[in-house]
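One letter stands for each residue in the lines below.
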Amino acid sequence: MISIAHLSMNLPAGGRPVPILQNLTLDIPDKQMVAVVGPSGSGKSTLLGLMAGLDRPTTGSILLDGVEITTMSESALARFRRAKIGYIFQSFHLIPTLTARENVAVPLELSGERRADARAADLLAAVGLAGRLDHYPVQLSGGEQQRVAVARAFACRPPFLFADEPTGNLDSATGTQVIDLLLSMHRDYGTTLVLVTHDRTLAGQMQRIVSLRDGRIESDQLLPDPNRTTGFLR
Ligand SMILES: Nc1ncnc2c1ncn2[C@@H]1O[C@H](COP(=O)(O)OP(=O)(O)O)[C@@H](O)[C@H]1O
Ligand SMILES: [Mg+2]
C-alpha cells in the first residue's frame, strides 16, 4: 500500500519557492496499476520521484508498506529502495560501460544474490533478449534497452514499481511490446505499478487514472476491469 497525505513540494525558481505539488493526498492499494496523467509541468515526475524516495518533499507524508520514507536517513532509504522499489525512466538509464547482463546483475549483486549472472540471463530471456546478453547499451535499439531496463527493475521482485513515461522514447509498436511486458510482469509478480504516461491507450490499460493539474489531483478514476465481462463497453 502506498499512502500519501498532504504532500507538498516547493522548488526554487528565480530565487523564490514555487509550488510544484500542493497538498496532495492519495492511497494506492497493493497490486493496483495506476496511470498518472496530466499536462507537461503538472508535477507527474516530481510525484513519482517522491513516491520512489528519489527526492524529499517540502511537507507531507509518504508511507510505503506502512514505512514513512520522507524522514528516513539516506542510508536507510537506499537500502529500502534496493529491497522494495523498481524504477523505469523514459530514457532507459542503463550503465553504458556494462553489458545487458551486467546491468541486470547489478541490483541482484547489491541484494546479495549469489547467482546474479545466471538470474540476470534468465530475466533477459524472459524479456526476449536471450541473444543480447553481452551487448552494450549502444549496441541495442531503444526498445531493447528499455526491455533491459524492465528486466533490471523487476530483478529483485520489488513490491513497488514506478515508470516515468516508459514508452516516451519508443515508436508505438516497440512501446506496445514494452507495455505488454510490464503488464505480464505485473501479473506474474503482483507488483504495485505506478506509471506516468501521455499515451491514452496505455493509461486505459491500467486499473485507475489519476490526473494532475498544476500540482493537484484534478480527477481520480477507477476503470472497469477488462477481465470481467459485466457488460461495460469502453
Ligand atoms: N529541480 C527543479 N527546480 C525547479 N523547478 C522544477 C524542478 N524540477 C521540476 N520543476 C518544475 O516543476 C514543475 C513540474 O515538473 P514535473 O514534475 O517534471 O512535471 P511533469 O512530469 O508533469 O511534466 C514544472 O513546472 C517544472 O518546471
Ligand atoms: Mg515528467
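Everything here concerns the structure above.
Residues numbered from 1 in each chain as written. Chains lettered and ligands numbered in written order. Predicted model: local features only at pLDDT ≥ 70, side-chain atom pairs only at ≥ 80, totals over all residues. Heavy atoms only, no water.

Draft legend 1. Broad picture of the side chain of Arg208. Of note, Arg208 is situated in strand S9 (residues 208–213). Reaching out from Arg208, the side chain makes a polar contact with the backbone oxygen of Asp27 at a distance of 2.8 Å. Separated by 2.7 Å, the side chains of Arg208 and Asp220 make a polar contact. Beyond its immediate sequence surroundings of up to four residues, Arg208 is in contact with Leu26, Asp27, Ile28, Pro29, Gln32, Met33, Val34, Ala35, Asp220, Gln221, Leu222 and Leu223. (Helix = DSSP H or I, 4+ residues; strand = E, 2+ residues; numbered from the N terminus. Polar contact = N/O pair within 3.5 Å; in protein donor to acceptor, adjacent residues only side chain to side chain. Contact = heavy atoms within 4.5 Å.)

Draft legend 2. Layout of the nonpolar core. Counting residues in each nonpolar core, the largest one holds 42 residues, and the members touching the most others are Val104, Leu124, Val148, Val150, Leu182 and Met206. If you list the elements that add at least two residues to this core, you get strand S3 (33–37), helix H3 (100–110), helix H4 (116–126), helix H5 (142–154), strand S7 (160–164), helix H6 (172–189), strand S8 (192–196) and helix H7 (200–204). Discounting chain neighbours no more than four positions away, the residues touching Leu182 are Ile88, Val150, Phe154, Leu161, Pro166 and Leu195. By size, the runner-up hydrophobic cluster in this structure holds 29 residues, among which are Ile2, Val34, Ala52 and Ile62. (Core = buried A, V, L, I, M, F, W, Y, C linked by side-chain atoms within 4.5 Å. Buried < 20%, exposed > 50% of the residue type's maximum accessible area, 1.4 Å probe, protein only.)

Draft legend 3. Main features of unusual backbone geometry. The backbone of His6 shows a phi angle near 50°, a positive value even though the residue is not glycine. Unusually for a residue other than glycine, Phe92 sits at a positive phi of about 70°. If you trace the backbone, Phe92 turns up in the loop between strand S6 (85–88) and H3. Phe92 sits in the buried class, given a relative accessible area of 10%.

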